[in-house]
Amino acid sequence: MAMAMTHHHNRESSIDKHLDTGKYVRYTAEQVEALERVYAECPKPSSLRRQQLIRECPILSNIEPKQIKVWFQNRRCREKQRKEASRLQTVNRKLTAMNKLLMEENDRLQKQVSQLVCENGYMRQQLHTVNASATDASCDSAVTTPQHSLRNANNPAGLLSIAEETLAEFLSKATGTAVNWVQMPGMKPGPDSVGIFAISQSCSGVAARACGLVSLEPTKIAEILKDRPSWFRDCRKLEVFTMFPAGNGGTIELVYTQMFAPTTLAPARDFWTLRYTTTLENGSLVVCERSLSGSGAGPSVASAAQFVRAEVLPSGYLIRPCEGGGSIIHIVDHLNLEVWSVPEVLRPLYKSSKVIAQKMTIPALRYIRQIAQETSGEVVYSLGRQPAVLRTFSQRLSRGFNEAINGFNEDGWSIMNCDDTEDVIIAINSGKSLSNSSNLTTGLSFLGGVLCAKASMLLQNVPPAVLVRFLREHRLEWADFNVDAYSAASLKAGTYAYPGMRPTSFTGSQIIMPLGQTVEHEELLEVIRLEGQSLMQEDAFLSRDIHLLQICSGIDDNAVGACSELVFAPIDEMFPDDAALLPSGFRIIPLESKSDSLATNRTLDLTSSLEVGPATSQAAGDSPSQNARSVLTIAFQFPFDTNLQDNVATMARQYVRSVISSVQRVAMAISPCGSSPTIGPKPSPGSPEALTLAHWICQSYRQKLSLFHLGEELLKSESLGGDSVLKNLWQHQDAILCCSLKSVPVFIFANQAGLDMLETTLMALQDITLDKIFDESGRKALCSVFTKLMQQGFTHLLAGVCMSTMGRHVSYEQAVAWKVLAADANTVHCLAFSFMNWSFV
């Protein structure tokens, strides 16, 4: 009995000790410090590491290893809770600020509704007044039309009066009802949206408005937005002529601004404005601006000779600080772009408030959001480049392309032997001017100069996004590799000289390496590698690859942008941050607004590229691109030595005409009402249509299945009837690819999984050869079983790795290859591959 009691007592003591060590142990400050040091190095130490910790730290010797494990678990849990609490606080602050912004917008809309109701009642009363005369109406109009009282802009007192008047008018547009704002199509406001966007309706000029929440302080936002050339791609120059303090603590500046013309068909614009920066009583920071008229000051006539003077109506930025950090910003852009000065066909661009929103207002808000995310470390870029460096590359490409299109005399450009009958304009810029140019470094100072061949043309019923995507993915269809090689070699002093450069051939391989993209993914920055091979025997083993730095924008059918662009410049393989850039490219500007209805996605998928017949014709006829017009502007720049100017000019003119011809051919192919509704070459008479090819693929697999007892069918029997085989094959989980039986097998078909694996589209599929997707070991494995495949019509490939078109490695557990037989079962149409359980490495 005593032994039993003793055993019971020992058991209770053990339990109490376990509870004390497992739940009620208190750590000393020294013990916590030691554990925290280990946690900083390894938040999740292994069992061996915990035992080592106890041995190395005597102060932890009285703690069980299990309790040490519990401490680290609790520490990780607290860290996770802390991060989640911080994230929720940030989200709460954002939602609170957005809620406040939406409530203010709702109040403004209610005021606007009340004002419209009053105006409606007034108009009804006027209609019922029988004795109202035309004279009275004209008098009423004269009274109700606001007139801008002239001020003396040559003294500070007069400028301050204009500034205060500008401030009042701007605030009435930003938060009041001075302009009838309507929501911009396709830009629905909400907590996850970039902001609230609106455009003017029935007002003088063109106007756009944006409201949004940005995680930057007001002074930083004002500093960024006032530096307009840094974010507004169309801004060529902004120069502050005079700046002096205002009596209320603000500043007044007289500013001269120049804007690039978007195409060769229209002149550029300039503005002479007053800019007023001040702080309101509620702590909000305001930067407002308007044009000055009747003033003799401003830039010289010579510097503004190639510009049309346009007008800035009261516009600006209202920036209010938020509790807990960040700011709420209101942006208003209100312009009169002097529509009379452009050809009739381009006037929709200069009369559209939506275009102003796309070019100025929305990019301003997006840019400061981009800066905010880069500051917080949310933006990750490739190749070890800092976001600011890559952003500068994008800006330099865009600016260099705009300078080539506009060709200002001030920059050293002059027209070379051109008359009105020429379709291609040739402009020359001397090497001396180029060596001092803002977008080129002294690396080009050895050249005789740069020649630019440019042209503009009208496109009918061509979706800009589809055309730019095609130009990006099918460079072989329009570009001359030797011309690219010449431009690339000319940037390296002493390499080759035109026309005696070594002949080079393009292998057809184009690798796109992404560098970065903007927050909303509306612009991509990438490096293009064109694989070349020398045709000279002695240079057979030397690389002739060409690298291009490229920006691409407006390739999403539903993107909100003013144009679609593809701009590129040859670079060295290891291009430095200050690399010389000589941009060329394409810009397509739609002249009519897109329909509010969702546009038909004209990216070539299985059905849109391979099906033919009445269904295709009907789809083409119903496309919203019908009767849509756009302007395509092409500009290509070529460096040259002084003694070869005429030769390069002839080559450039012929080359650009060849590019125009290729683009016209492609545009006709992708036009919904063109002679060919699809992109790329027409199928040959012997090629099967999509449905027939799908049947051949599945039937050939079933035949091999019965012969070799392969296991499961490619598709279930009930899926093989009618048109469903095409849909089910397209949606199959395995990557199914077909390649031609030629000396160099080229892919002719892939299902959705196959396109995802190769990271390509059906448009670009026909440019990919079979050997390009395998590395050296993969090609050897394929060669080892190729004889079996041709003899038996079927073979297996063991687990391996292949390559996507983006250069990424793709692993697969197993692959199957088989012959695809035509209907007569005697003719081999192509080879099919099925990659199972594939994934990116």
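The protein has the name Homeobox-leucine zipper protein REVOLUTA-like in an unreviewed UniProt entry, where Gossypium australe is given as its organism. You can read under Subcellular location (unreviewed entry) in the UniProt record for the protein the words "Nucleus". Heading Sequence similarities (unreviewed entry) of the UniProt record for the protein holds this comment: "Belongs to the HD-ZIP homeobox family. Class III subfamily."

## Notes on the nonpolar core
Counting residues in each nonpolar core, the largest one holds 51 residues, and the members touching the most others are Leu451, Leu467, Trp478, Phe586, Phe636 and Phe638. Examining the composition of this core, we find that twelve residues originate from one element, helix H16 (residues 645-670), more than from any other. Ignoring sequence-local partners within four residues, the contact set of Leu451 consists of Met416, Ile426, Ala427, Ile428, Phe636, Gln637, Phe638, Phe640, Gln645, Val648, Ala649 and Ala652. Ile331, Leu337, Met360 and Ile362 belong to the second-largest nonpolar core, a separate cluster that totals 47 residues.

## Section: the packing of aromatic side chains
Scanning the model with the defined rule gives 19 aromatic pairs in all. Look at Trp478 and Phe586: their rings are 4.9 Å apart centre to centre, the planes differ by 85°, and that puts the pair in the edge-to-face class. A residue pair is termed long-range when its members are at least 10 positions apart, and Trp478 in the loop between helix H12 (464-473) and helix H13 (481-490) and Phe586 in strand S19 (residues 584-590) qualify at 108 residues. By relative accessible area, which is 0% here, Phe586 ends up buried. Considering the side-chain rings of Phe774 and Phe835, the 6.4 Å spacing of their centres and the 40° angle between planes classify their relative orientation as tilted.

## A short note on the packing of helix H9 (residues 353-375) against helix H10 (residues 387-406)
With their axes 11 Å apart at the nearest point, H9 and H10 run at an angle of 155° to one another. By the angle between their axes, H9 is roughly antiparallel relative to H10. Residue-level inspection shows Tyr367, Ile371 and Glu374 of H9 in contact with H10, the latter providing Pro387, Ala388, Arg391 and Gln395. In the contact of H9 with H10, the residues fall into four nonpolar, one polar and two charged.

## As for the sheet that holds strand S25 (residues 809-812)
With antiparallel pairing, the three strands of this open sheet are ordered in space as S24-S25-S28. Strand pairing shows two members of the sheet lacking a second neighbour, strand S24 (800-803) and strand S28 (839-840), which therefore form its edges. Alignment of S25 against S28, held across two bridges, turns out to be antiparallel. By the bridge assignment for S28, Val810 is matched with Phe840.

## Some points on the pairing of strand S14 (residues 449-460)
In terms of residue burial, S14 counts as a mostly covered element, since nine of its twelve residues are buried. Sheet topology note: the strand S13 (residues 425-430)/S14 ladder contains six bridges and is antiparallel. Across the sheet, the residue bridging to Ile425 is Lys454, located in S14. In the sheet, S14 pairs with strand S20 (residues 629-640) via twelve bridges, with the strands oriented antiparallel.

Basis of the calculations
- The residue numbering used here restarts from 1 in each chain and proceeds along that chain's sequence as written.
- Reporting of local features is limited, given that this is a predicted model, to residues whose pLDDT is at least 70; pairs of side-chain atoms are given and counted only at 80 or more, and all residues count toward the totals for whole chains, interfaces and linings.
- Only hydrogens and water are removed before side-chain values are computed, so all heavy atoms of the structure are retained for them.
- UniProt positions are given in the numbering used here, feature names are shortened, and annotations may be inferred rather than shown by experiment.
- Here, nonpolar core means buried Ala, Val, Leu, Ile, Met, Phe, Trp, Tyr and Cys residues that are tied together by side-chain atoms lying within 4.5 Å of each other.
- Burial classification: accessible surface area is computed with a 1.4 Å probe over protein chains only, and a residue below 20% of its type maximum counts as buried, one above 50% as exposed, and the rest as partly exposed.
- Secondary structure elements are defined from DSSP: runs of H or I of at least 4 residues count as helices, runs of E of at least 2 residues count as strands, and each element is numbered from the N terminus.
- Note on contacts: a residue pair is in contact if any heavy atoms of the two residues lie within 4.5 Å.
- Side-chain rings of Phe, Tyr and Trp, where Trp is taken by its six-membered ring, are said to pair if the distance between their centres is within 6.5 Å; with planes under 30 degrees apart they count as stacked, over 60 as edge-to-face, and otherwise as tilted.
- The angle between two axes is taken between their N-to-C directions and runs from 0 to 180 degrees, where each axis is a line fitted to C-alpha atoms and a helix contributes only its stretch in contact.
- When describing relative orientation, an angle under 35 degrees is termed roughly parallel and one over 145 degrees roughly antiparallel, while 65 to 115 degrees is termed roughly perpendicular and anything else oblique.
- Following the grouping adopted for this structure description, the nonpolar residues are Ala, Val, Leu, Ile, Met, Phe, Trp, Tyr, Cys and Pro, the charged ones are Asp, Glu, Lys and Arg, and the polar ones are all others, Gly among them.
- At least two DSSP bridges between two strands are required for those strands to pair.

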